Amino acid sequence: MTEEEHPQFNARLLERIDIHHELARFRIALDDGTVPTFTPGQFATVGLPQRRDPETGEFPRDRKGERKLVRRAYSIASPATVTDHLEFYIVEVDNGRLTHSLFHLHEGDHLHLGPKIAGHFTLDPVPPGKNLVMVGTGTGLAPFLSMYETYRDDPRWANFVLMDGCRLAHDLGYLDRLNGYADEDDRFFYAPTVTREPDGSDWAGHRGRVNALLEVDRFEQEFGFPLDPETCHVFLCGNPAMIDQVEADLLERGFVVENKEHPDGTLHFERYW
C-alpha cells in the first residue's frame, strides 16, 4: 500500500496510543504540515481503501480505476490549540469496514483525511456562564475532551461536568488525565461509570448506566448544584439508546432540544451510529 497507488492519501498516522487491543487514540497529521481550523465538537472524515470483495477477490474501484475509499466521520478529540495533528478516539468494530484496517496501520502509514471539518455539536449556542453537563458513552467522550482542553485556561462556563459511561474500567481511555484535571480545577467534575465491570475488581468508582447520575437528588449530591434548564446546558454523545432515554427524561424536566425552531434550546446531542 503506497502513496502512489492511492492518490487521495494526504495524511499519515503520526502516532497510535493503544488503550487495549480494540481501543486506541489515533494522531493523524496532514502531509503538508497544516492542521485544519475547527471548532471543538466538530468531526473530520478518515478514509482507507476498501478491502477485497470476498466473492470476486477484486478491490472495488471507481470510474478512474482507483481503489474506492471507505470513509467514516469521527469527532476530533484533540483541542483546537494543537498545531501538529488531529487526535481521534476510535474503537475497533466487529466486521468494521474501516476500523479493522485502521487498527492494522503502523506509524508513518498513509491514509485519507477529508479536507472539510464539519458539525454543529459545539458550544457556540451556549451563553457564557452556564453550567455544562456532558454525557458521553464510549468514544462519545471525544468532543467533550476537545471542548474542555481548548477552553480550560479561559473557561466560558460556570461548571463543567463530564460523565463518561463505559462497559469496563479498561475502556476509560483518558481516565488518568481527566482525574488529574478534576484535581486541578474546582469547576471541572469527572464522573466515570461502568456497567459490566466484574465484582471484586480494583474499580472503586461509579457503577451502572450513566443515566443514573442525572437523577434529580443524585446529581445535586454529586456535583453541588441542581440540574436546572435555567442554568444548565446538557450535551449528549454516543449510544443512541442512551440519548433517547436521557432526552425523554430531560424533556419532562423542562429542557428543550436545540434546533432551528429553538436555537436557544438547552439540550444538544450527537448520535454515533
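Look up a bit, the structure's there.
Just checking my understanding: could you explain the packing of aromatic side chains for this structure?
Given two aromatic rings, one states the distance between the centres and the angle between the planes to describe the pair. Using the criterion set out here, one finds 15 aromatic pairs in the structure. When the centroid spacing of 5.2 Å and the interplanar angle of 75 degrees are considered together, the rings of Phe-26 and Phe-103 count as edge-to-face. Of this pair, Phe-26 sits in strand 2 (residues 23-30) while Phe-103 sits in the loop between helix 1 (99-102) and strand 6 (110-113), and the two are 77 residues apart along the sequence. Between the NZ or CZ atom of Arg-25 and the centre of the ring of Tyr-174, over which it lies, the distance is 4.3 Å. A cation over a ring is seen here: Arg-156 above Tyr-151, with NZ or CZ 4.8 Å from the ring centre.

What exactly am I supposed to notice about the sheet that holds strand 7 (residues 130-137) here?
Note on sheets: strands pair through backbone hydrogen bonds, and any given pair is parallel or antiparallel. Pairing is parallel in the open sheet, where 6 strands are placed in the order 10-9-8-7-11-12. At either end of the open sheet lies a strand with only one pairing partner, and these are strand 10 (206-207) and strand 12 (267-271). By the bridge criterion, 2 bridges tie strand 9 (residues 188-194) to strand 10 in an arrangement that is parallel. Across the sheet, the residue bridging to Val-194 is Arg-207, located in strand 10.

Is there a simple way to explain helix 2 (residues 142-151) in this structure?
Because an α-helix packs 3.6 residues into every turn, residues spaced three or four apart end up facing the same way. Counted residue by residue, helix 2 has 10 buried out of 10 residues, so it is predominantly covered. Taken residue by residue, helix 2 has Ala-142, Pro-143, Phe-144, Leu-145, Ser-146, Met-147, Tyr-148, Glu-149, Thr-150 and Tyr-151 as its buried positions.

Help me out: how do you make sense of the pattern of salt bridges in this one?
When their charged atoms lie close together, side chains carrying opposite charge are able to pair. Applying the stated criterion to the full structure yields 8 salt bridges. Where Glu-87 meets Arg-27, a salt bridge forms, and the shortest distance between an N and an O atom there is 2.6 Å. Residue Glu-87 is located in strand 5 (residues 86-91), and its partner Arg-27 is located in strand 2; the two are separated by 60 residues in the primary sequence. According to the relative accessible area criterion, Glu-87 is buried, its value standing at 3%.

Explain a negative patch on the surface to me, please; I cannot follow it from the model alone.
A cluster of acidic residues, Glu-215, Asp-217, Glu-220, Asp-249 and Glu-252, forms a negative patch on the protein surface. Elements with a contribution of two residues or more to the negative patch: helix 4 (216-223) and helix 5 (240-252). Residue position: Asp-249 is located in helix 5. Accessibility expressed as a relative area gives 31% for Asp-249, which makes it partly exposed.

What should I look at first to understand empty space enclosed by the protein in this one?
Over the atoms, a rolled probe matching the size of one water molecule traces out where space is still vacant. Applying the stated criterion across every chain yields a total of 2 cavities of 30 Å³ or more. Taken as a whole, the second largest cavity holds about 30 Å³ of empty space. Residue lining of the second largest cavity: Ile-28, Ala-29, Leu-30, Thr-34, Val-35, Pro-36, His-85, Leu-86 and Leu-113, and that is the complete set. It is strand 2 that contributes the most residues to the lining of the second largest cavity, 3 residues altogether. Looking at the lining of the second largest cavity residue by residue, the classes come out as 7 nonpolar, 2 polar and no charged.

How each quantity is defined
Residues numbered from 1 in each chain as written. Predicted model: local features only at pLDDT ≥ 70, side-chain atom pairs only at ≥ 80, totals over all residues. Heavy atoms only, no water. Phe/Tyr/Trp six-rings, centres within 6.5 Å; stacked < 30°, edge-to-face > 60°. Helix = DSSP H or I, 4+ residues; strand = E, 2+ residues; numbered from the N terminus. Lys NZ or Arg CZ within 6 Å of the ring centre and 35° of its normal. Pairing = 2+ DSSP bridges. Buried < 20%, exposed > 50% of the residue type's maximum accessible area, 1.4 Å probe, protein only. Salt bridge = Lys/Arg side-chain N within 4 Å of Asp/Glu carboxyl O. Patch = residues over 30% accessible without salt bridge, like charges linked within 9 Å, V, L, I, M, F, W, Y side chains within 5 Å. Areas by Shrake-Rupley, 256 points an atom, 1.4 Å probe, with all protein chains shown as cover. Lys, Arg positive; Asp, Glu negative; His and termini not counted. Charge placed at Lys NZ, Arg CZ, Asp CG, Glu CD. 1 Å grid on protein atoms, 1.4 Å probe; cavity = no way out; pocket = protein on both sides within 12 Å on 5 of 7 lines; lining within 4 Å. Points joined across faces, edges and corners; volume = space filled by probe spheres on them. Nonpolar A, V, L, I, M, F, W, Y, C, P; charged D, E, K, R; others polar.

Purely geometric numbers; function is a separate question.
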